[in-house]
Amino acid sequence: MKKKMFVASLAMTAGLLLLTGCKGQSETAQAAAPEKITIVQMPDENNPDAGTKHEGFRKDMEKAIGLPVEEMEGADYSVGIEALKAGKLDVLLVSPMSYYQAKKIAGAEPLVTTTSMGAEPYRTVFITREDNSSINELKDLKDKNFAFVDPASSSGYMYPKATLVKDLALDTGKLETPGYFFKTVAYSGKHDASILGVVKGDYDAAAVAGQTIPMLANAGLIKKNDLKIIGETEVIPNALFVVRKDLDENIKKKLKDFYLSYDNADYFKSFYGAGEVRFTEAHDSDYAVVKEMVDTLGIEEE
């Protein structure tokens, strides 16, 4: 998901300092009604185009909630979650995996997600170059250079890792050890970086959100026949916006009401690739599958 009206890249090591400056309030003042709302979107699960979007959505939100809105892009899930915990931001876009972490670490509450984008369900696909005749199914990934996106990403890491472990009977703890199954394992940081890395030959194969491939193709960055899909995961819940638990309840309601009533088809077409997409209420129960997968993979709570 992408909603970017004001852009400020948050480096992992400097993110909390930047967010502190944005809020202009002390850590002990978290429960007070905010003077403005700060929204941070993190590495995207659906839309790699993060650069050139309009200000209309932000202005519409400001009018609806009666407060200034500052919206930025983050660089790391963990920075955003820690900032949410510290009360330095109000709303955070997270992947399903990061929702589980945000809930456990920061007590975050689900706000909204989106309806499905297009006809294809949201899932991870395993890709390689179309002309790579040595890789045609998941077992062929043995001894290859492979790229995940980010260890905190659902579609870029957790789901594909679980699929590999289950389908190929691999050891969860050893999977990323060079020489165990893969020759090397890299973390590209973003889905589009993994895709472009495969196309350029930097990686033999990668696991990416399937919906990013047609987006990059439509943007002219790749050709659809540059790649072939050799496997896929089960359907993944959409990314969602979470809100800090101690935000003023009236502001929470105004935010949710705004998201759920937003009906600008041009906006959704620009940001989600389909004018029929809309925001819908997110429920904790929708993400129960994430906890099951966390348990399966033996991922410990942070």
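The following refers to the structure shown. The shown structure was predicted, so the numbers you read here are calculated from the model rather than taken from an experiment. (Residues numbered from 1 in each chain as written. Predicted model: local features only at pLDDT ≥ 70, side-chain atom pairs only at ≥ 80, totals over all residues. Heavy atoms only, no water.)

## A short note on the overall build of the protein
As a reminder of what qualifies: Numbering of helices and strands runs from the N terminus; a helix is a DSSP stretch of H or I covering at least four residues, while a strand is a stretch of E covering at least two. The classification of residues rests on relative accessible area computed with a 1.4 Å probe and restricted to protein chains. Under 20% of the type maximum is buried, over 50% is exposed, and intermediate values are partly exposed. Only the protein chains shown count as cover for residues, and the accessible areas themselves come from Shrake-Rupley with a 1.4 Å probe.
The secondary structure content of the protein amounts to 10 helices and 12 strands. Within the protein, the proportion of its 302 residues that are buried is 54%. Total accessible area computed for the protein in this model is approximately 12900 Å², and 50% of it derives from carbon and sulfur atoms.

## A few points about helix H5 (residues 154-168)
Three or four residues apart is the spacing at which side chains of an α-helix point the same way, because the helix has 3.6 residues per turn. Under the convention used in this document: Here the expected span of a helix is defined as 1.5 Å times the quantity of residues minus one. Throughout this description, a polar contact denotes any pair of N or O atoms lying within 3.5 Å of each other; where both atoms belong to protein, one of them has to be capable of donating a hydrogen while the other can accept it, and for residues adjacent in sequence the pair is counted only when both atoms sit in side chains.
Here H5 is 15 residues long and its end C-alpha atoms lie 19 Å apart, about the 21 Å a rise of 1.5 Å per residue gives. Of all 15 residues making up H5, 12 are buried, and the element is well covered by its neighbours. Where H5 is concerned, the buried positions are Ser-154, Ser-155, Gly-156, Tyr-157, Met-158, Tyr-159, Pro-160, Lys-161, Ala-162, Thr-163, Leu-164 and Val-165. For H5, the side-chain oxygen to backbone nitrogen distance between the N-cap and Gly-156 is 2.9 Å, and the N-cap itself is Ser-153.

## Considerations on the sheet that holds strand E9 (residues 205-209)
Rule in force here: Think of it this way: DSSP has to see at least two bridges between two strands before they count as a pair. Lines are fitted to the C-alpha atoms to define the axes, a helix being fitted only along its stretch in contact, and any angle between axes, read from their N-to-C directions, falls within 0 to 180 degrees. Residues are treated as being in contact if the distance between any of their heavy atoms lies within 4.5 Å.
Ordered in space as E8-E7-E9-E6-E10, the five strands form an open sheet in which the pairing is mixed. Each of the sheet's edge strands pairs with one partner strand only, and the pair in question is strand E8 (184-187) and strand E10 (227-232). Neighbouring strand axes in the sheet, compared pairwise and without regard to direction, differ in orientation by 30° on average. On the sheet, H5 packs against strand E6 (124-129), strand E7 (145-148), E8, E9 and E10 and is oriented at approximately 85° with respect to E6. Lying on the sheet, helix H6 (residues 191-200) is in contact with E6, E7, E9 and E10; it crosses E9 at an angle near 150°.

## What about the packing of aromatic side chains?
Threshold: Classification of ring pairs uses Phe, Tyr and Trp, with its six-membered ring standing for Trp, and accepts pairs whose centres are within 6.5 Å; under 30 degrees between planes counts as stacked, over 60 as edge-to-face, and the remaining range as tilted.
For the structure on display, the rule yields 24 aromatic pairs. Consider the rings of Tyr-267 and Phe-279, whose centres lie 6.5 Å apart with planes at 40°: the pair is tilted. Note that Tyr-267 is positioned in helix H9 (residues 265-272) and Phe-279 in strand E12 (residues 279-281), a separation of 12 residues in sequence. The class for Tyr-267 is buried, based on a relative accessible area of 0%.

## Re the packing of H5 against helix H10 (residues 288-297)
Test applied: Every angle not falling under 35 degrees, over 145, or within 65 to 115 is termed oblique; those three ranges are roughly parallel, roughly antiparallel and roughly perpendicular. Should the near helix be turned anticlockwise from the far one by less than a right angle, the crossing is left-handed, and should it be turned clockwise, the crossing is right-handed.
Relative to each other, H5 and H10 sit at 50°, their axes nearing to 10 Å. Considered as vectors, H5 and H10 are oriented oblique to each other. For the pair H5 and H10, the sense of crossing is left-handed. Where H5 approaches H10, its residues Met-158, Tyr-159, Lys-161, Ala-162 and Val-165 are matched on the opposing element by Val-289, Val-290, Met-293, Val-294 and Leu-297.

## Regarding unusual backbone geometry
Look at Asp-143: it is not a glycine, yet its phi comes out positive at around 65°. The residue Asp-143 is located in the loop between E6 and E7 in this model. Since its relative accessible area comes to 47%, Asp-143 is described here as partly exposed. In this structure, Ala-169 takes a positive phi of about 55° despite not being glycine. Along the chain, the position of Ala-169 falls in the loop between H5 and E8.

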